[in-house]
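This is what each chain is made of:
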Amino acid sequence: MDERIIKQVAQKHNDFILPPYDEIMEMDGFNAICTFSRTFSGTSIYVPSLRTIFGQCLEKEILSQYNGTNIRELVQKFGFSERYVRALVRKNK
């Protein structure tokens, strides 16, 4: 079906878009949900937390900001436990 027709109908009857896709469309618009659908249609996906998705990025940033004495500051800034940050630093020395 032509996406232009779907867009016209969706705008007219947006209360009937299935959740959570209605929220995705609200956040990023019709084109985003079309891209999402084309990419993942027919599959079953799990969406992890942002902390999981960006975990390695966060670890790299923690290590780049670590100065030898600021573990507690990094714990507060990034929301990881002190034990986790200490282990991360120790592992990457």
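Now for a look at the structure at hand. The model shown is predicted, which means the values in this text are computed figures rather than measured ones. (Residues numbered from 1 in each chain as written. Predicted model: local features only at pLDDT ≥ 70, side-chain atom pairs only at ≥ 80, totals over all residues. Heavy atoms only, no water.)

## Re the packing of helix H1 (residues 3–12) against helix H3 (residues 30–40)
Where H1 contacts H3, the axes come no closer than 11 Å and their chain directions differ by 125 degrees. As far as their axial angle goes, H3 and H1 are oblique. At the point where H1 passes H3, the crossing takes the right-handed sense. On the side of H1, the interface is formed by Glu 3, Ile 6 and Lys 7, while H3 contributes Phe 30, Cys 34 and Arg 38. Residues that form the contact of H1 with H3 fall into these classes: 3 nonpolar, no polar and 3 charged. (Axes fitted to C-alpha atoms, helices over the stretch in contact; angles between N-to-C directions. Helix = DSSP H or I, 4+ residues; strand = E, 2+ residues; numbered from the N terminus. Parallel < 35°, antiparallel > 145°, perpendicular 65-115°, else oblique. Left-handed = near helix turned anticlockwise from the far one by under 90°. Contact = heavy atoms within 4.5 Å. Nonpolar A, V, L, I, M, F, W, Y, C, P; charged D, E, K, R; others polar.)

## Description of unusual backbone geometry
Phi is mostly negative for residues that are not glycine, and the peptide bonds are mostly trans. For the bond running from Pro 19 to Pro 20, omega is 0 degrees, close enough to zero to count as cis. Residue position: Pro 20 is located in the loop between H1 and helix H2 (21–28).

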